[in-house]
Every structure is written in structure tokens, then in C-alpha cells.
Amino acid sequence: MLADSLKFERQRQEMVLKQIESRGVSDPKVLSALRKVPRHVFVSEALRDQAYGDFPLPIGEQQTISQPYIVAEMTQALEIKAEDRVLEIGTGSGYQAAILAEIAYRVYTVERIRTLYFKARKLFDQLHYHNIITKYSDGSMGWSSESPFDAIIVTAGAPDIPDTLVQQLGLGGRMVVPVGNQYSQDLIKIFKDESGRVRKMNLGGCRFVKLVGEQGWGE
Ligand code: SAH
């Protein structure tokens, strides 16, 4: 089931060239992670042939795996170093966490839908991602016992920047979070400098499923 055929390998290299590098993502660590992680195993068998297309795909429970370019853009914006500990809110298929795990020291990822949580956990084990720590809960409140984090990525759209997550960001830390209404959001990058001052930057429009929870939308 996890076989990486030559066909998928070719589609993946083409995806990186035509969708990612051509649009200006240039961080070599991000590009090499995208060339390596077998995106097709993170979607259902019926959708495998579309896994390397330039669009998001359904992963069940009305959730989606993000378009490859968005994954690349968000990962690059996090400026991850090899020793970094990264928090992800919204494990979903697990693809973004796997990309992060190729670059970071350790990835903590939280998912609130049980079936998705278990599916992703199983994949991480099968693919030997021993540096991915998973949790089944409302991630809008972060993971305080493991904070501070060097980087935080929220892969679901929030009504506002979740304060609790900004608090769990270490000095010098970076965070990306889609903020807006339920139909469209802006991708906001937050940088916490060494004195604890927070700066915000708008990276442009995006469209994510809802962040549901205490610091997100209601059910
Ligand atoms: N990063 C994922 C994208 C998943 S879509 C991937 O690579 O596939 C967003 C995910 O966020 C969904 O699975 C959804 O259930 C989850 N989510 C939404 N609100 C959440 C919350 N408060 N805590 C944890 N996960 C949440």
C-alpha cells in the first residue's frame, strides 16, 4: 500500500518544478522535503492519481489536504532550523506534519477529529516518522506542557489570531495562521523577537477549513 512507484516519483518531481519552484519557493530544505514525502499515501486510494495536482483534495470528515504550493509557502515562511521544535494545529492527513518532520528536530501535531487522528498516527508509524508526536484534542489552545515552540503552524482558518498560541511561541519564534471568515482568510505570519515583541505580516489570501474550538469557531 505504501509503495512509491516510479510514476508517483516522477509526478512528485514535476510538482515541485512546476508548482513550487516556478512560483518562487526557493528554500532548499523545503524543496527537498517536498521531493521526498510521498504525498499520494496521505490520500485515499481512489484519489492517488490526483495527489500531485495543483489543488487541495478531500480527506474525509469534510476536511482537506492543502494544495502543495500552500504547504510549501507556509513551511518556507516558518524558517525552520534542524534543531527546532514545531507545533502544528490540524494534523488532517498528516502530510504537512511529514514535511515539517523532514526539516525540524521534532513536530507536535494536534487533531480534533478522531478518525483522522488515528489514520495519520498509523501513517507516521509506517513511514517511520519517529519525531512526530501526536495528540487528539482541541488544538486551538495549543500544547502548553510542551511550549515554548520555535515555530507554530495552524492549518485551519481562525476568526482571530489565537492569543494562546502566540503565548506558546518562544522568543525568536515564527507562526503562520490563516485568519478571516469561514470562506476566505489571509495568511498571517507572526514573528516574536528576542525581547518578546510581536510583529505581523500578511502573506496574502488563502482558503482553509474552519479551526473549530475554544480559540476558533463554534461547532
Ligand atoms: N495539515 C493538514 C490539513 C488538514 S485540514 C494536512 O496536511 O492534511 C485542517 C484540519 O484541522 C482538519 O483535519 C480539522 O479537523 C483540523 N482542526 C480544526 N480545528 C481544530 C482544532 N481546534 N484542533 C485540532 N485540529 C483542528
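Above this text sits the structure in question.
Residues numbered from 1 in each chain as written. Predicted model: local features only at pLDDT ≥ 70, side-chain atom pairs only at ≥ 80, totals over all residues. Heavy atoms only, no water.

Draft legend 1. Fine view of the pattern of salt bridges. Tallied over the entire structure, the rule returns 13 salt bridges. For E219, the salt bridge is made with R112, and the minimal N-O distance between the two is 3.1 Å. Here the residue E219 occupies a position in the segment after β9 (198-206), and R112 occupies one in the loop between β4 (106-111) and α5 (114-126), the gap between them amounting to 107 residues. What makes R112 partly exposed here is its relative accessible area of 32%. Here R121 ties to D125 by a salt bridge, and the two come within 2.8 Å at their closest N and O atoms. Separated by 4 residues within a single helix, R121 and D125 lie in helix α5, roughly one turn from each other. Under the relative-accessibility criterion, R121 is labelled buried at 19%. By relative accessible area, which is 42% here, D125 ends up partly exposed. A single salt-bridge network, built from bridges that share partners, covers K81, D84 and R174. (Salt bridge = Lys/Arg side-chain N within 4 Å of Asp/Glu carboxyl O. Helix = DSSP H or I, 4+ residues; strand = E, 2+ residues; numbered from the N terminus. Buried < 20%, exposed > 50% of the residue type's maximum accessible area, 1.4 Å probe, protein only.)

Draft legend 2. Spatial organisation of helix α2 (residues 28-36). Of the positions making up α2, those classed as buried are V30, L31, A33 and L34. Along α2, the residues classed as buried sweep out an arc of 160° about the axis, all on the same side. Pointing more than 90 degrees away from the buried face of α2 are the exposed residues P28 and K36. On the buried face of α2, the contacting elements are α1 (6-20), α3 (68-77) and α4 (95-103). For α2, the N-terminal capping position is held by D27, with its side-chain oxygen 2.9 Å away from the main-chain nitrogen of K29. (Arc of directions from axis to C-beta. Contact = heavy atoms within 4.5 Å. Polar contact = N/O pair within 3.5 Å; in protein donor to acceptor, adjacent residues only side chain to side chain.)

Draft legend 3. How the structure looks around the side chain of R48. One can find R48 in the loop between α2 and β1 (57-60). Buried within the structure, R48 lacks any salt-bridge partner; E45 is the closest side chain of opposite charge, at an N-O distance of 4.0 Å. Polar side-chain contacts of R48 include one of 3.0 Å to the backbone oxygen of V43. (Lys, Arg positive; Asp, Glu negative; His and termini not counted.)

Draft legend 4. Molecular detail of the site of the ligand. Surrounding the ligand, one finds 27 residues, the nearest of these being S93, E111, D138, G139 and V212. Residue Q96 places a main-chain N or O atom 3.1 Å away from an oxygen atom belonging to the ligand. Here an oxygen atom of the ligand sits 2.6 Å away from a polar atom, N or O, in the side chain of E111. For the ligand, the protein covers 99% of the area, taking 580 Å² as the surface of the free molecule. Broken down by element, the residue count for the shell around the ligand peaks at 3 residues, all from strand β2 (residues 63-65). Across the shell around the ligand, the residue classes break down as 10 nonpolar, 12 polar and 5 charged. (Near = heavy atom within 4 Å. Areas by Shrake-Rupley, 256 points an atom, 1.4 Å probe, with all protein chains shown as cover. Nonpolar A, V, L, I, M, F, W, Y, C, P; charged D, E, K, R; others polar.)

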